[in-house]
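Read off the chains here:
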Amino acid sequence: MLLTRNSVELLAPVGTWDVLEAAIEAGADAVYLGGKRFNMRMFKTNANFDDELLGKAIAYAHSHNVRLYVTVNNLINDHEIDNMRAYLSLLEELKPDALIIQDLSILELAREMNLTVPLHASIMMNTHNEHAVRTLQDYGITRVVVNREMSLDQLALLKERTGIEVEYFIHGDMCIAHSGQCLHSGVVFGQSSNRGRCLKPCRWPYQLIDMTTGKTVSDQDPGPYKLAMKDMCLYMNLPELIQSGVCSFKIEGRMRTADFVKNIVQVYRRAIDNYIADPTGYTPNLKDWQDLQDSRARDFSTCYAFGNPGPNSIGYSGEREPRFFSQAVREADMKNPTIKPLATAKSIQEAPPELAVRVADLASVTAACQNGAAIIYVGGEAAKPSLPWTLSTIAQSIEEAKQYNAKVVVSTPRITMERECGELEHFFTSMNEIKPHGIMVSNIGALRLAHQLSNLPIQADFSFNIFNHLSAKLLTDIGIRKATVSLEATYEQIMELFAKSSLPIELIVHGALSAMVTDHSIPGALLGRQEQMYEPTLDTRHYALLDTAGQQHPIMLDQYNRSHILFAKDLCLLPHLQSFQGIQHYRIEGQYYSPKLIGLLTATYRQELDKITNQKSAYVFDTALLDTLATVSPRELGLGAFRYRVSR
Amino acid sequence: MYTIGILQLTQYLDDAVHGFKHGLAQRGITAQYHYRNADGNAMQLPKLAAELAELKVDLIFACSTPSTQAALQLTEDIPVVFTPVFDPVGSGLVHSLSLPGGKATGVSGMIKAEAKLDFIHRLLPTVQNLGILYHTGDNNSLAEVDNFRKFLQPGITLIEIPFNQAEDLSNLPDLLPIELDALFLPIGRVVEENFPTIAYYTDTIQLPIIASHPPNVSAGALGALVANHYDLGEDCASKAEEILKGAHPREIPVDIVKKPEILLNNYTAQNLGLEFSAELLAEATEVFE
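Residues numbered from 1 in each chain as written. Chains lettered and ligands numbered in written order. Predicted model: local features only at pLDDT ≥ 70, side-chain atom pairs only at ≥ 80, totals over all residues.

Comments concerning unusual backbone geometry
Turning to step 1, where the next piece is worked out: With an omega dihedral of 5 degrees, the bond running from K384 of chain A to P385 of chain A counts as a cis peptide bond.
Turning to step 2, where the next piece is worked out: Among the structural elements, P385 of chain A can be located in the loop between β14 (375-379) and α12 (391-402).
Turning to step 3, where the next piece is worked out: Cis peptide bonds are those with omega within 30 degrees of zero, and the linkage from T83 of chain B to P84 of chain B qualifies with -15 degrees.
Turning to step 4, where the next piece is worked out: As for its position among the elements, P84 of chain B is in the loop between β4 (80-83) and β5 (104-108).
Turning to step 5, where the next piece is worked out: Phi is positive for K200 of chain A, close to 55 degrees, though the residue is something other than glycine.
Turning to step 6, where the next piece is worked out: Secondary-structure assignment places K200 of chain A in the loop between α7 (184-189) and β8 (207-210).
Turning to step 7, where the next piece is worked out: A residue is classified by how many C-beta atoms lie within 10 Å of it, and K200 of chain A, with 20 of them, is buried.
Turning to step 8, where the next piece is worked out: Phi at Q206 of chain B is positive, roughly 55 degrees, even though this residue is not glycine.
Turning to step 9, where the next piece is worked out: Here Q206 of chain B is to be found in the loop between α8 (195-204) and β9 (209-211). (Helix = DSSP H or I, 4+ residues; strand = E, 2+ residues; numbered from the N terminus. Buried ≥ 20, exposed ≤ 12 C-beta atoms within 10 Å, placed from the backbone.)

Quick notes on the confidence of the model for chain B
Turning to step 1, where the next piece is worked out: With 100% of its residues at a pLDDT of 70 or more, chain B has an overall mean of 94.
Turning to step 2, where the next piece is worked out: Scored as a complex, the prediction yields pTM 0.94 and ipTM 0.93. (pLDDT = per-residue confidence, 0-100.)

With respect to the domain arrangement of chain B
All names here are of chain B.
Turning to step 1, where the next piece is worked out: We note that the domain assignment places domain 1 (2-109 + 228-256) and domain 2 (113-226 + 261-288) within chain B.
Turning to step 2, where the next piece is worked out: Using only C-alpha atoms to locate each centre, domain 1 and domain 2 end up separated by 29 Å.
Turning to step 3, where the next piece is worked out: In terms of residue class, the side of domain 1 that touches domain 2 is built from 1 nonpolar, 3 polar and 1 charged. (Domains from an automatic or database assignment. Nonpolar A, V, L, I, M, F, W, Y, C, P; charged D, E, K, R; others polar.)

Quick word on the interface of chain B and chain A
Interface size is commonly expressed as the accessible surface area that is lost when the partners come together.
Turning to step 1, where the next piece is worked out: At the junction of the two partners, chain B supplies 21 residues and chain A supplies 22 residues.
Turning to step 2, where the next piece is worked out: The element that contributes the greatest number of residues to the side of chain B that touches chain A is α8 of chain B, accounting for 5 residues.
Turning to step 3, where the next piece is worked out: Taken together, the residues that form the side of chain B that touches chain A break down as 6 nonpolar, 11 polar and 4 charged. (Contact = placed C-beta atoms within 7 Å.)

Focus: the packing of helix α4 (residues 104-112) of chain A against helix α15 (residues 469-477) of chain A
Residue and element names in this part refer to chain A.
Turning to step 1, where the next piece is worked out: Contact pair α4 / α15: the axes reach a minimum separation of 7 Å and the direction vectors enclose 80 degrees. Considering their axes alone, α4 and α15 lie roughly perpendicular with respect to each other. Note on element contacts: α15 touches α4 through L470, S471, K473 and L474, opposite L104, S105, L107, E108 and L109.
Turning to step 2, where the next piece is worked out: For the contact of α4 with α15, a count of residues per class yields 5 nonpolar, 2 polar and 2 charged. (Axes fitted to C-alpha atoms, helices over the stretch in contact; angles between N-to-C directions. Parallel < 35°, antiparallel > 145°, perpendicular 65-115°, else oblique.)

Structure follows, in structure tokens:
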């Protein structure tokens, strides 16, 4: 490949005017910054640029031939759409070189408003497959900040297949969970990591517990900070990075000082220039490397650039954590809900609402059907030691459900990288013969594939982060028939979305939910032995993280070796069903439950939904039902995000 | 033309730097500034201080106690002006406020316990049982608790709630006595950083928090009486002027905050079913909604 100065872009973070000047002076090709509104660094009021300063910053950058991107990368609720429209028209006038976006509604607004400013997909969009990229390209996205979990090899392939510009985090803070899919802070604190307010539960200390014995797995425990990712640093791997075809090298740190940003930009600038001038004769500058080391906060790792780094990417001791943002708290129980019935814009329907149940095995299909489930979700991730759904068990579940007039919808994994997409092609094609009643997808890439390969109705899972009616409209436009609302949305936000959306909305009312999903295998990193190809205990035992509030978070290890870290309490909205009147689609997330519990939950929810339909305002909830559920539930029950009036 | 080094722990304290520079400019003092910021990483400070020493600065303006300590550890005889150091004597930076005795002087960010207690009384006139939650490993916190013990007004019972490590906050409900009317958070990093965990628990029991760290107010504390860092920096400029004109820091008394500011959070007040007095609202520098 013939390289020029324009082959790669060094992209620096900017939080204040000082940093802007420093980054440009140090040789950044482009900078990114946030306005005072709608971006991922909402905690600090003295950072970010107000509208006037934004204009000046753009002019300043352009006068130095530097590109400037504005982050507009929050999820937004229906309340915020008008402000977003106004903000976008301001940005259209100011003409930055691109907007970095997360919420699907911005794509919808960009069409409606004929925006000419280029759009880049934020890391928060969790883009990790070529099919997702193609759909984003259809909507005018010209660049994707790809998942941190992707390796350089995967990026090269992605770029080759789609032609998209690829931006990659090459230096700075990392998340252990998949970006845009981490619900921990949002649900527990009402402060969403998808809205720039993450309180970093991944930086809490945890003990690993063997759930079979209930005891701490202390053998060779390297330290309590089991989720604390080290900082990314690709300085020593610049040649591989450049040759992979990544076009924009992104430095993390919009809260950093001018000095800090300047140093890092200078070091990478020199390396890039030296490499491009003479690739074969290039060697890294060891003094610069030492400088980076000396001024580091956390230790460095190349993270996922060369494949899954395992325990090497975790700073277990916590010694070098620069600061903490919170400590573990006891999750909300069933007290103090903020659900206060609102008058909805839609008239209450006479037909009883539909109850769907997600299950892990055939016995649970039967239990759910016998007790009144109308829809059964099968497929997707299995939690070891459970086995994944096979084509044959899916076919059997359809046969079984048919006897009860229930429908079977097949779900697909939440994260679908190259491997999973390849498998999905086979899977979707097979579904044309097996004929379930529908497909539930978890990301826009899987959606595109499902569309291409099958004629079945497709619905969108909660991982689409649907928070507002415009995002729902976009999903309708790309062929979605039903969408599950974001698990971070609160009562008010859900009812507003429901009132404004013409797309059928499904609400998860009960279940064990995952706070984080990560490619890092937590027990594997601690227990896997290097010399062995296979560690059988990982497939047969259940592990959990014990936090400092004394709560256990089960780790569900799936067939792709991803860890799904559950909340310590299971969501339960049973006492509040009446407040959701009008919503016609409810779901129990039961894939981690026994068939017996599935039966009881399905019967209980079905009975209460029917009573509400029949008795209307005369309905009274019998609290004894809750006591029964609490005694048989594997974990305590809680309100999740419904502790909060609004999700901030 | 002087050469002045600025040793900063975190950009959160940059208002003090702006005030300092402005104060010197107003006094007609021109200087070349060398700014070093550890970005929160205190381990970096000795190295950054050494860099300033190499630049042969005439004076170091040190923000925070660790920065000042790093500047004082230099073997060179460079005078140091510090702020918003909470407890200059207790942390060993000076011998006494009136006669520092070493190479450092400055302006302390400490607000007297009397003033804070008076503020708490005005904010919540009916408070009887006041909790004070503090980290036993933090010298600033310990100093403030000590001050509170000394100046307690009749009618208020101070209930001390010590904890030894940050993770203890995870079980705060077990630490909080039932009879509390309000919770005061003294200066101290662990309490300040982990404020969301404290507020998470106090929210459910409708317990008002009076904070000492400004960002904790916008994050949900009911109010705080705080030092204005810009003003502290400006006051430091007069100390610097004396030194640059030949006085020795050992003889320049350390000042403390002159005009503390009131910060209030009205959203929190509404959630607690409280209303601020018109007087307090008028006096407040900032009211968060």
